[in-house]
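Now for the letters of each chain:
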Amino acid sequence: MPPLMVGFDLDMTLVDSRPGIAAAYRALTARTGVYVDADAAVSRLGPPLRTEIARWFPPERVAEAVVEYRKLYPAYAITPTLPMPGAEAAIGAVHARGGRVMVVTSKIGRLAKLHLDHLGLAVDELAGDLFAEEKATALREHGATLYVGDHVADMAAAEAAGIPGVGVATGPCSRAELAAAGAYLVLKDLTEFPAALDRIIGLALEQ
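Residues numbered from 1 in each chain as written. Predicted model: local features only at pLDDT ≥ 70, side-chain atom pairs only at ≥ 80, totals over all residues. Heavy atoms only, no water.

1. Examining the overall build of the protein chain
So the rule is basically this: The helix count covers DSSP runs of H or I at least four residues long, the strand count covers runs of E at least two residues long, and both are numbered beginning at the N terminus. Buried means the residue's accessible area, taken with a 1.4 Å probe over protein chains only, is under 20% of the maximum for its type, while exposed means over 50%, and partly exposed covers the values in between. Under the convention used here, a 1.4 Å probe and the Shrake-Rupley method define accessible areas, while residue burial counts only the protein chains that appear.
Within the protein chain, the regular secondary structure consists of ten helices and eight strands. Along the three orthogonal principal directions, the C-alpha set of the protein chain runs to about 60 × 30 × 30 Å. The 207 residues of the protein chain split such that 50% are buried. With the model as given, the accessible surface of the protein chain reaches about 9,100 Å², and the carbon-plus-sulfur share is 54%.

Next comes the structure, spelled out in structure tokens:
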């Protein structure tokens, strides 16, 4: 069996960034004068920032708003963000089994790293600014064994990388949606991950 490398999505998989992201969007509204419904925005985390910004800003201001939001992000979004239930134990389970952990996220890497460092989540590799099938490039490059995420696009990433996708029903996508998107299995949250990891490793060894 190749070395164990488990990929995780970030927002709503490893961290609950909704309070911090909402605060950043409210600060963006105050800075630019363009209203962003922060509560609505954080209900659909997953796609790239530009996708959400384009809902509120005219096309000619999207790039500017993305830059401004990212300037505001460290001051507003990091401290309020919390680890998802079971996140630390899930990472620890991979390391305890001799494996490595990587985060592959649509958030740009330097902002993702701020979250990981602030919460003390010990990951071995980080790849940012990737969404859906784009994530497969990083997963393949690092030899990922499986990919864990809360969004149907994460299941598409796993499929494109040719590895099992494990869904966690802690984000905007339901268990049924994750299953329909091709999830190898769907968990309530990461508290169920260590036992599921043992099952996946056992199945791989039998093959």
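2. Some remarks on the nonpolar core
Going by this rule: In this description, a nonpolar core means a group of buried Ala, Val, Leu, Ile, Met, Phe, Trp, Tyr and Cys residues linked to one another through side-chain atoms lying within 4.5 Å.
Counting residues in each nonpolar core, the largest one holds 29 residues, and the members touching the most others are Phe8 and Phe193. When residues of this core are traced back to their parent elements, those giving at least two are β1 (5-8), α5 (87-96), β4 (100-104), α6 (109-119), β6 (146-149), β7 (165-168), β8 (185-187) and α10 (193-206). Formed by 27 residues, the second largest nonpolar core is a distinct cluster that contains Ala27, Val36, Ile53 and Tyr73.

3. Points about the packing of aromatic side chains
To keep it simple, the criterion reads: Only rings of Phe, Tyr and Trp enter the pairing, Trp through its six-membered ring, and a pair is recorded when the two centres are within 6.5 Å. The plane angle decides the type: under 30 degrees is stacked, over 60 is edge-to-face, the rest tilted.
Following the criterion strictly, the structure yields four aromatic pairs and no others. One aromatic cluster is present, formed by Tyr25, Tyr69 and Tyr73 through successive ring pairs.

4. A closer look at α6
What counts, and what does not: This arc describes the spread of directions from the helix axis toward the C-beta atoms. Contact between two residues is taken to exist if any of their heavy atoms lie within 4.5 Å; hydrogens are not considered.
All of the buried residues in α6 are Leu111, Ala112, His115, Leu116 and Leu119. Buried residues of α6, viewed axially, fall in a sector of 140°; they line one side. Along its buried surface, α6 packs onto β2 (15-16), α4 (62-77), β3 (82-83), β4 and β5 (125-127).

5. A word on the sheet that holds β1
To keep it simple, the criterion reads: At least two DSSP bridges between two strands are required for those strands to pair. Lines fitted to the C-alpha atoms define the axes, with helices restricted to the stretch that makes contact. Angles between their N-to-C directions range from 0 to 180 degrees.
Sheet architecture is open: six strands sit in the order β5-β4-β1-β6-β7-β8, paired in parallel fashion. Edge positions in the sheet fall to β5 and β8, since each of these pairs with one other strand and no more. Direction aside, neighbouring strands of the sheet carry axes that sit 20° apart on average. As defined by bridge partners, β4 adjoins β5 across three bridges and the pair is classed as parallel.

6. Quick look at the side chain of Ser106
Cut-off, in case you're wondering: Nitrogen and oxygen atoms within 3.5 Å of one another constitute a polar contact, given that in protein one can donate a hydrogen and the other can accept it, and given that sequence-neighbouring residues count only through two side-chain atoms.
Examined against the element boundaries, Ser106 turns out to sit in the loop between β4 and α6. Residue class for Ser106 comes out buried when judged on its relative accessible area of 12%. A polar contact of 2.9 Å, which involves the side chain of Ser106, links it to the backbone oxygen of Gly46. With residues near it in sequence (within four places) discarded, Ser106 still touches Gly46, Pro47, Pro48, Asp129, Leu130, Phe131 and Lys135.

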